[in-house]
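Residue-level structure breakdown
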Amino acid sequence: DGDVIVITEDYVISGQVVLSSNSAINITNAPGVDVTISGSADAGSLFKIGGGTLTVKGNDDGGSLTITTNLNGRAFYVDSGAALNIYDGVIVYQCGFGSASSDTDNGGAVYVSNGGEFIMHGGLLLNNTGYKGGAVYVNNGGSFELKEGEGKGIITNNHALDIYGGGVYAENSA
């Protein structure tokens, strides 16, 4: 369901991509092609999901889709009433804050706000850095689910610059 965006070559985002309410957007790579979406998240996050659902999935016919900010902000901010789904073939790499020092820098790859939802059906969160939650920060009232048996969801080699949650930090959340 929703609009499909097929990335056929490396793409640099300048600014922030904002998904508004009641939208359903699916991002994938072209069949058999390895592509990278990169950018500097000056607004804190490369993608702000303000409502609706963003699904990021590698193409079933091969190739991969890498998202990176090169430690210039997080990849995804999931707001209240919004949802993010990540599937196999997606690599969220080297996102976050290289010199994080406060709660505004939580969640190097994904920040889930109160009432937001992140479901990881597969994919890889690798080498991300945040103050709390090197890869994923789930705020009080938000939710994160690693779906068992659907794919190969891997969260590895992420770093929290505070002492909490190198991979995932859930602030009184489910």
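Residues numbered from 1 in each chain as written. Predicted model: local features only at pLDDT ≥ 70, side-chain atom pairs only at ≥ 80, totals over all residues. Heavy atoms only, no water.

**Brief notes about the nonpolar core**
Just so we agree on the cut-off: The definition of a nonpolar core used throughout is a set of buried Ala, Val, Leu, Ile, Met, Phe, Trp, Tyr and Cys residues joined through side-chain atoms within 4.5 Å. Whether a residue is buried, partly exposed or exposed follows from its accessible area with a 1.4 Å probe, protein chains only, as a fraction of its type maximum: under 20%, in between, or over 50%, in that order. A contact between two residues is defined here by any heavy atoms of the two lying within 4.5 Å.
Counting 34 residues, the largest nonpolar core has Phe-47, Leu-54, Phe-76, Leu-84, Val-92, Val-110 and Phe-118 as the members making the most contacts within it. Contact partners of Leu-84, with chain neighbours within four places excluded, come to Ile-49, Leu-54, Val-56, Phe-76, Val-78, Val-110, Glu-117, Phe-118 and Ile-119.

**A short note on the packing of aromatic side chains**
Just so we agree on the cut-off: Each Phe, Tyr or Trp ring (for Trp, its six-membered ring) is paired with any other whose centre lies within 6.5 Å, and the angle between the two planes then decides the class: stacked below 30 degrees, edge-to-face above 60, tilted in between. Runs of E in the DSSP output that reach at least two residues are strands. Runs of H or I that reach at least four are helices, and both are numbered from the N terminus. By definition here, charges over rings are those cases where NZ of Lys or CZ of Arg is within 6 Å of the ring centre and within 35 degrees of the ring normal.
What the rule picks out here adds up to 6 aromatic pairs. Centre to centre, the rings of Tyr-137 and Tyr-169 are 5.8 Å apart; their planes meet at 15°, and the pair counts as stacked. Of the two residues, Tyr-137 sits in strand β17 (residues 136-138) while Tyr-169 sits in strand β21 (residues 168-170), which places them 32 residues apart along the sequence. Lying across the ring of Tyr-87, Lys-57 places its NZ or CZ 5.3 Å from the centre.

**Some points on the side chain of Asn-29**
Spelled out, the test is: Distance and chemistry together define a polar contact, namely a pair of N or O atoms within 3.5 Å, with one atom able to donate a hydrogen and the other to accept it when in protein, and with adjacent residues in sequence counting only for side-chain atoms on both sides.
Structurally, Asn-29 can be placed in strand β4 (residues 24-29). Within the structure, the side chain of Asn-29 is placed 2.7 Å from the backbone nitrogen of Asn-59, a separation counted as a polar contact. There is a polar contact of 3.2 Å between the side chain of Asn-29 and the backbone oxygen of Gly-62. Beyond its immediate sequence surroundings of up to four residues, Asn-29 is in contact with Val-6, Ile-7, Val-35, Lys-57, Gly-58, Asn-59, Gly-62, Gly-63, Ser-64 and Leu-65.

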